[in-house]
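Residue strings, one per chain:
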Amino acid sequence: MNLILLGAPGAGKGTQRAFLVERYGIPVIATGDMLRDERKANTPLGRQVAPIMDRGDLVPDDLLIQIVRKRLQQPDTRRGFLLDGFPRTVAQASALDQILAEPGRAVDAVLYLRVSRQVLIDRLAHRYVCPTCGSVYTFQPGEVRQGPRCPKDGAQLYQRPDDRPQVVARRIDVFLQQTAPLIDYYARQGKLETIDGQLPVEQVRAAILRKLKTFEPAQDVTA
Ligand code: AMP
C-alpha cells in the first residue's frame, strides 16, 4: 500500500505512523527525520538546510525531490511505503506522481489529518520527542515535569527547536500557504481521505483503519 500522511505540524502524523507501519509492514519515509539525520551527521546537506528548518520554512523542492526519488528506488519500498512530511508543495506532489509512474506505481491513498490552528499551537507547545526510539508525546498543560523520560526506554525526552512558539506560527502559515493546496490536488485524484485529527489518538487510529479497509485485499471467506 502506497500511503501519504498529510497534515499540519502537530496534526498527529508522527503518532499515527507507528501503527500503520506495524500493521502494513511498510517502511516510513519521513523527510523531516531524514533532514534532521543529515544535520546530526553534519553533512553538507545538513548544514545547508539547518537555517531554513530553524526558521520554519520549506527546504527547496529540488533537494527534497532528489532525496525522495533516491529513497523510492530502494527495493524495500516495492511492497509499499508511508510518506510523512512529503509532498509539501504541488511541485513535489506532481514530481512524486512522475517518480512513481516510471516503474508503474501510484499513490493509493492520502490520509489528511484535519486539526484547527489553535489546537496545533497548543499541542506543539507540549510536544516532546524521544531521541532513542523517536516516539512523540504530547502532554497536557501542567503535566510536564522537569526532564520527562520516555516510558518505553527511559531516555530523556526533548522539545524540537522548531516547536518554539514563533517558529510554530511560521510553520503553520507555511502549511496553509504551500501544503494545503495538496488537499484539492489529491481530492481531484479521488485519493483524499479526511480524518478528524482532533479526536483522541485511538479514535483517529480507528478512523484511519476504517478508511484503509477498502484498500486491503478481500479476505477469502472459504479459507
Ligand atoms: P517535519 O519533521 O516534517 O515537521 O519537517 C521539519 C522541517 O524539515 C520542515 O519545517 C522543513 O523545513 C523541512 N522539510 C521536511 N520535509 C520537507 C519537504 N517535503 N519539503 C520542504 N521542506 C521539508
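None of these values were measured; they are calculated from a predicted model.

J.: How would you summarise the site of the ligand if you had to cite specific residues and measurements?
T.: Every one of the 16 residues lining the ligand counts as a neighbour, but T31, R36, D57, G85 and Q92 are closest to it. T31 places a side-chain nitrogen or oxygen 2.8 Å from a nitrogen atom of the ligand. The contact in question runs from a nitrogen atom of the ligand to an N or O atom on the backbone of G85, over 2.9 Å. Here the ligand loses 95% of its free accessible area of 480 Å² to cover by the protein chains. Residue composition of the shell around the ligand, grouped by class: six nonpolar, four polar and six charged.

J.: How would you summarise the state of the cysteines if you had to cite specific residues and measurements?
T.: Taken as a whole and assessed by the stated rule, the structure comprises zero disulfides. C130 takes part in no disulfide bond, and the closest cysteine sulfur to it belongs to C133, at a distance of 3.7 Å. On the accessibility criterion, C133 (37% relative accessible area) is partly exposed.

J.: Describe helix α1 (residues 13-24), listing the residues and the values that go with them.
T.: In this model α1 runs 16 Å from its N-terminal to its C-terminal C-alpha over twelve residues, within 8% of the 16 Å that 1.5 Å per residue would give. Among the residues of α1, those classed as buried are K13, Q16, R17, F19, L20 and Y24. At its buried positions, α1 is contacted by β1 (2-6), β2 (28-30), α2 (31-40), β3 (81-84), β4 (109-114) and α9 (201-213). Of the residues one or two after α1, G25 is the one with positive phi, at around 60°.

J.: So what's going on with the packing of aromatic side chains? Which residues, and what values?
T.: Each pair of aromatic rings is reported with the distance of its centres and the angle of its planes. According to the stated counting rule, one finds two aromatic pairs in the structure shown. Each ring, one from Y128 and one from F139, has its centre 5.5 Å from the other, and the planes form 75°; the classification is edge-to-face. Within this pair, whereas Y128 is found in strand β5 (residues 127-129), its partner F139 is found in the loop between β6 (136-138) and α7 (165-179), the two being separated by eleven residues in sequence. Each member of the pair, Y128 as well as F139, carries the same accessibility label: buried. Between R205 and the ring centre of F19, over which it is positioned, the NZ or CZ distance is 4.9 Å.

J.: For the nonpolar core, give the residues involved together with the corresponding values.
T.: Grouped together as the largest cluster of nonpolar side chains are 55 residues, with contacts concentrated most on L20, L96, Y186, I208 and L212. For I208, the residues in contact, after removing those within four places along its chain, are Q16, F19, L20, L111, L113 and I195. Y128, C130, F139 and C150 belong to the second-largest nonpolar core, a separate cluster that totals seven residues.

J.: Please set out the layout of surface pockets residue by residue, giving values where relevant.
T.: Of the pockets and cavities examined, the second largest pocket occupies roughly 210 Å³. In terms of lining residues, the second largest pocket is bounded by M34, L35, E38, L45, Q66, I67, K70, R71 and Q74. Mapped by element, the contributors of at least two residues to the lining of the second largest pocket are α2 and α4 (61-71). With four residues, α4 is the single largest residue contributor to the lining of the second largest pocket. Split into classes, the residues belonging to the lining of the second largest pocket amount to four nonpolar, two polar and three charged.

J.: So what about the packing of helix α5 (residues 90-101) against helix α8 (residues 181-188)? Which residues, and what values?
T.: Contact geometry of α5 with α8 gives a least axis separation of 9 Å together with a crossing angle of 30°. Counted together, V90, A93, S94, L96 and D97 of α5 and P181, L182, Y185 and Y186 of α8 form the full contact between these two elements. Across the contact of α5 with α8, the residue classes tally to seven nonpolar, one polar and one charged.

J.: Give a detailed account of the packing of α2 against helix α3 (residues 44-55), specifying residues and quantitative values.
T.: A pair of packed helices is characterised by two quantities: the angle between their axes and the separation of those axes. One can describe the packing of α2 onto α3 by two numbers: an axis separation of 8 Å at closest approach and a directional angle of 120°. Taken as axis vectors, α2 and α3 run oblique relative to one another. Of the two elements, α2 crosses α3, and the hand of that crossing is left-handed. Where α2 abuts α3, its residues G32, L35, R36, E38 and R39 lie against L45, G46, V49, A50, M53 and D54. The residue inventory of the contact of α2 with α3, partitioned by class, reads five nonpolar, two polar and four charged.

Reading the values: the criteria
- Residues numbered from 1 in each chain as written.
- Predicted model: local features only at pLDDT ≥ 70, side-chain atom pairs only at ≥ 80, totals over all residues.
- Heavy atoms only, no water.
- Near = heavy atom within 4 Å.
- Polar contact = N/O pair within 3.5 Å; in protein donor to acceptor, adjacent residues only side chain to side chain.
- Areas by Shrake-Rupley, 256 points an atom, 1.4 Å probe, with all protein chains shown as cover.
- Nonpolar A, V, L, I, M, F, W, Y, C, P; charged D, E, K, R; others polar.
- Disulfide = S-S within 2.5 Å.
- Buried < 20%, exposed > 50% of the residue type's maximum accessible area, 1.4 Å probe, protein only.
- Helix = DSSP H or I, 4+ residues; strand = E, 2+ residues; numbered from the N terminus.
- Expected span 1.5 Å × (residues − 1).
- Contact = heavy atoms within 4.5 Å.
- Phe/Tyr/Trp six-rings, centres within 6.5 Å; stacked < 30°, edge-to-face > 60°.
- Lys NZ or Arg CZ within 6 Å of the ring centre and 35° of its normal.
- Core = buried A, V, L, I, M, F, W, Y, C linked by side-chain atoms within 4.5 Å.
- 1 Å grid on protein atoms, 1.4 Å probe; cavity = no way out; pocket = protein on both sides within 12 Å on 5 of 7 lines; lining within 4 Å.
- Points joined across faces, edges and corners; volume = space filled by probe spheres on them.
- Axes fitted to C-alpha atoms, helices over the stretch in contact; angles between N-to-C directions.
- Parallel < 35°, antiparallel > 145°, perpendicular 65-115°, else oblique.
- Left-handed = near helix turned anticlockwise from the far one by under 90°.

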